[in-house]
Amino acid sequence: LMLLFVAEPAVSRFACALLGGSALLVMKTIRQRLHRYGEDIQHYRGKMLQAVHESLISVKVIKVLGREEYFINSFANQVNGYVEANRFRQIATEMPRLILALVAHCGILGVAAVLTAQGKPPVSITVTLSLLSVALVRTIPSVNRITAALATLRYGDFALRTISKDLSELEVGD
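I will try to describe carefully the structure that is included in this document. (Residues numbered from 1 in each chain as written. Predicted model: local features only at pLDDT ≥ 70, side-chain atom pairs only at ≥ 80, totals over all residues. Heavy atoms only, no water.)

Another aspect to go through is the overall build of the protein. On a plain count of helices and strands, the protein comes out with five helices and zero strands. When the helices and strands of the protein are listed from N to C terminus, the series reads α-α-α-α-α. Computed over the C-alpha atoms, the radius of gyration of the protein is 25 Å, more than 25% above the 16 Å expected from 2.2 N^0.38 for a compact globule of 174 residues. Overall size of the protein, expressed as C-alpha extent along the three principal axes, is 85 × 45 × 20 Å. In the protein, buried positions account for 29% of the 174 residues. At a minimum sequence separation of 6, the contacts of the protein that also span at least 24 residues come to 80%. Per element, the accessible surface of the protein, about 11500 Å² overall, is 66% carbon and sulfur. Mean positive and mean negative side-chain charge positions of the protein (19 and 13 charges, respectively) differ by 9 Å. (Helix = DSSP H or I, 4+ residues; strand = E, 2+ residues; numbered from the N terminus. Rg over C-alpha atoms; globule rule 2.2 N^0.38 Å. Buried < 20%, exposed > 50% of the residue type's maximum accessible area, 1.4 Å probe, protein only. Contact = heavy atoms within 4.5 Å. Areas by Shrake-Rupley, 256 points an atom, 1.4 Å probe, with all protein chains shown as cover. Lys, Arg positive; Asp, Glu negative; His and termini not counted. Charge placed at Lys NZ, Arg CZ, Asp CG, Glu CD.)

Set out below in structure tokens:
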């Protein structure tokens, strides 16, 4: 990346702005949904545990009254909600990788078009595109890890706030 900055500073700045801007845009776009699905997963996880707890505590009564179907359906509904929220988390952590790869390819094509339009010699264009490609190959995985980590943090934000609130209430009670 540093070699590209020395050889073609404008291309380097363009590449950094393109990758950084794309990652920022993706994270801004899914930020609220990540938080909401984080809330949902906490809700459904709690309801799943509640359904299991209630059914295990009163298993004899449930069997005698023939209410097994109600508890099975109750648990299944919570599992479906949990799976839906978890599915979005998986999509949200994988999506930036695909978008960044697409943006990088379009960026390389754009740089090639601009350099060609400027009348640069083919050898110079080839060297610049090679340097840009190597820089992108080295940079994209790091940007992907950062965006995946931010998505995971945002997704778990609700659970962390809930635990923090509970702990602070415990401290006030002492």
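Take a nonpolar patch on the surface next. Together, Val 52, Leu 56 and Phe 75 make up a nonpolar patch on the protein surface, roughly 260 Å² of accessible area in all. Mapped onto the fold, Leu 56 is located in helix H2 (residues 9-57). (Patch = residues over 30% accessible without salt bridge, like charges linked within 9 Å, V, L, I, M, F, W, Y side chains within 5 Å. Salt bridge = Lys/Arg side-chain N within 4 Å of Asp/Glu carboxyl O.)

Further remarks concern the packing of H2 against helix H4 (residues 68-117). Relative to each other, H2 and H4 sit at 175 degrees, their axes nearing to 7 Å. As far as their axial angle goes, H4 and H2 are roughly antiparallel. In terms of residue class, the contact of H2 with H4 is made up of 27 nonpolar, seven polar and six charged. (Axes fitted to C-alpha atoms, helices over the stretch in contact; angles between N-to-C directions. Parallel < 35°, antiparallel > 145°, perpendicular 65-115°, else oblique. Nonpolar A, V, L, I, M, F, W, Y, C, P; charged D, E, K, R; others polar.)

Tracing the chain through its elements places Phe 158 in helix H5 (residues 122-173). Judged by its relative accessible area of 27%, Phe 158 is partly exposed. When the C-alpha atoms of Phe 158 and Ala 104 are compared, they prove to be 33 Å apart, with 54 residues separating the residues in sequence.

As a further point, take the side chain of His 35. The residue His 35 is located in helix H2 in this model. With sequence-adjacent residues up to four places away left out, His 35 is seen in contact with Arg 154, Asp 157 and Phe 158.

To continue, consider the environment of Arg 154. Along the polypeptide, Arg 154 turns up in helix H5. Residues contacting Arg 154, with those up to four places away along its chain left out, are Arg 31, Gln 32, Leu 34 and His 35. At a separation of 3.3 Å, a polar atom in the side chain of Arg 154 contacts the side chain of Gln 32. (Polar contact = N/O pair within 3.5 Å; in protein donor to acceptor, adjacent residues only side chain to side chain.)

Let's shift gears to the state of the cysteines. Per the counting criterion, the structure on display carries zero disulfides. As a non-bridged cysteine, Cys 16 has Cys 106 as the owner of its nearest cysteine sulfur, 18 Å distant. Take Cys 106: its relative accessible area is 47%, and that puts it in the partly exposed class. (Disulfide = S-S within 2.5 Å.)

On to the packing of aromatic side chains, then. Scanning the model with the defined rule gives two aromatic pairs in all. Taking the centre distance of 5.2 Å and the plane angle of 85 degrees together, the rings of Tyr 70 and Phe 71 count as edge-to-face. Accessibility expressed as a relative area gives 48% for Tyr 70, which makes it partly exposed. Positioned above the aromatic ring of Tyr 37 is the side chain of Arg 36, whose terminal nitrogen or guanidinium carbon lies 4.8 Å from the ring centre. The ring centre of Tyr 70 lies 5.0 Å from the NZ or CZ of Arg 67, which sits over that ring. (Phe/Tyr/Trp six-rings, centres within 6.5 Å; stacked < 30°, edge-to-face > 60°. Lys NZ or Arg CZ within 6 Å of the ring centre and 35° of its normal.)

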